[in-house]
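Spelled out, the chains give:
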Amino acid sequence: MSDQTLSDWTPPKVWENTSSGGKFANINRPTAGKTHEKELPVGKHPFQLYSLGTPNGVKVTIMLEELLAAGVEDAEYDAWLINIGEGDQFGSGFVDVNPNSKIPAMMDRSGDEPRRIFESGSILMHLAEKFGMFLPEDGQARTECLSWLFWQVGSAPYLGGGFGHFYAYAPMKIQYCIDRFSMETKRQLDVLDQRLAQSEFIAGDELTIADMAIYPWYGAMARGLLYEGGEFLQVQSYKHLQRWTKQLAARPAFRRGQLVNRYWDNKGLKERHDASDFDGLL
């Protein structure tokens with residue numbers, strides 16, 4: 001540890017909410033449930049996605065665009081913006097679809113009764129099993145794919161809520177926290193780099209939902225797009241991860257998926273309702 005002064009704060013016997021600010025402090029709270037009444041819109045397609053163009057949301061739009069690119073017309077979807085900065089995730093309609101108030105959430109209206117699906121990994125599995133694509137049916141190949149899918153689900157919070165929060169968003173720079181989560185993030189990048197030295201894609205020789213889950217987080221980190229932390233973490237040193245990232249970034253469906261529900265600049269779509277919405281963007 002450097003000469004940075006350590007806090008002498010002692011946790012009380014019972015926690016009280018004394019938020020110290022930081023980015024997103026206005027939407028963080030210790031309780032669940034709705035804060036206001038707001039119904040969700042419903043479009044014309046079988047799948048209604050309520051999301052935001054952050055890594056977890058991009059997983060699903062990449063999957064949907066890959067299905068459409070493969071000729072699966074029944075995978076058409078409407079993507080509605082959920083602006084988490086404005087608290088849209090606490091509206092009554094969204095909470096009905098996802099009681100955890102996190103994006104993405106989806107309604108599958110292709111069957112006799114609408115079905116809600118929340119958590120990005122669950123949505124990927126639902127779509128893969130529904131259409132029989134991007135998830136091997138059985139055997140070691142399926143096991144390998146699901147192992148890497150759940151690796152991402154369990155690992156990414158250390159990248160986002162750990163490294164990303166303390167390096168980019170926390171109201172103060174705390175060396176211990178940044179060192180702790182930088183070490184873990186680099187370890188995870190090395191896990192992927194070593195795996196991708198062995199196979200073309202994450203789960204083997206074919207593109208799967210494991211790639212679609214991992215790329216929006218770790219591919220973006222490899223490209224230096226997350227938290228302005230690329231140089232700090234020396235992401236260019238992970239050569240096999242860089243190869244995989246560039247390979248996936250060149251796929252048209254991946255490029256389209258990354259543009260959906262991206263409202264903060266002029267490079268994406270606030271909403272997506274038809275393939276023609278991408279005209280002029282790519």
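In what follows, the accompanying structure is described. Since we're looking at a predicted model, the values are computed, not measured.

Neither face of strand E3 (residues 105-108) is exposed, since Ala105 and Met107 on one face and Met106 and Asp108 on the opposite face are all buried. Relative to E3, strand E1 (residues 47-51) runs antiparallel, the two being bridged by four bridges. Paired with Tyr50 across the two strands is Ala105, which belongs to E3. Pairing analysis gives four bridges linking E3 to strand E4 (residues 115-118), with the strands arranged antiparallel. Bridge assignment links Met107 to a residue of E4, and that residue is Arg116. Here E3 hands over to E4 after six residues, the two strands then running antiparallel side by side.

In this structure the tally under the stated criterion is 13 aromatic pairs. The interplanar angle of 80° and the centroid separation of 5.2 Å between the aromatic rings of Tyr215 and Phe254 together place this pair among those described as edge-to-face. Placement of Tyr215 in helix H6 (residues 209-222) and of Phe254 in helix H9 (residues 252-257) is noted, with a sequence separation of 39 residues between them. Taken together through their ring pairs, the aromatic side chains of Phe163, Tyr167, Tyr169, Tyr227 and Phe232 make up a single cluster. Its guanidinium or amino end placed over the ring of Tyr167, Lys173 lies 5.7 Å from that ring's centre, counting from NZ or CZ. The ring of Phe181 carries the charged tip of Arg180 above its face, separated from the ring centre by 5.5 Å.

With that settled, the discussion passes to H6. An ideal rise of 1.5 Å per residue puts 20 Å on 14 residues; H6 measures up with 19 Å between its terminal C-alpha atoms. Approximately 55° is the largest bend angle found in H6, and it occurs at Tyr215, with the proline Pro216 only one to four residues beyond. Counting buried positions along H6 gives 14 out of 14 residues, so the element sits mostly inside the fold. In the segment just after H6, Gly224 is the residue with positive phi, at about 75°.

This part is about the sheet that holds E1. Taking strand neighbours across the sheet as the criterion, the four strands line up as E2-E1-E3-E4 in an open arrangement whose pairing is mixed. Edge strands, defined here as strands with exactly one partner in the open sheet, are strand E2 (77-81) and E4. The sheet shows a mean angle of 20° between the axes of neighbouring strands, taken without regard to direction. Contacts between helix H3 (residues 120-131) and the sheet are confined to E1, E3 and E4, with E4 contributing the most and set at about 130° to the helix.

Parameters at a glance
Residues numbered from 1 in each chain as written. Predicted model: local features only at pLDDT ≥ 70, side-chain atom pairs only at ≥ 80, totals over all residues. Heavy atoms only, no water. Buried < 20%, exposed > 50% of the residue type's maximum accessible area, 1.4 Å probe, protein only. Helix = DSSP H or I, 4+ residues; strand = E, 2+ residues; numbered from the N terminus. Pairing = 2+ DSSP bridges. Phe/Tyr/Trp six-rings, centres within 6.5 Å; stacked < 30°, edge-to-face > 60°. Lys NZ or Arg CZ within 6 Å of the ring centre and 35° of its normal. Expected span 1.5 Å × (residues − 1). Bend = angle between axes of the 7 residues up to and from the residue. Axes fitted to C-alpha atoms, helices over the stretch in contact; angles between N-to-C directions. Contact = heavy atoms within 4.5 Å.

Without other data, these values stay purely geometric and don't point to any function.
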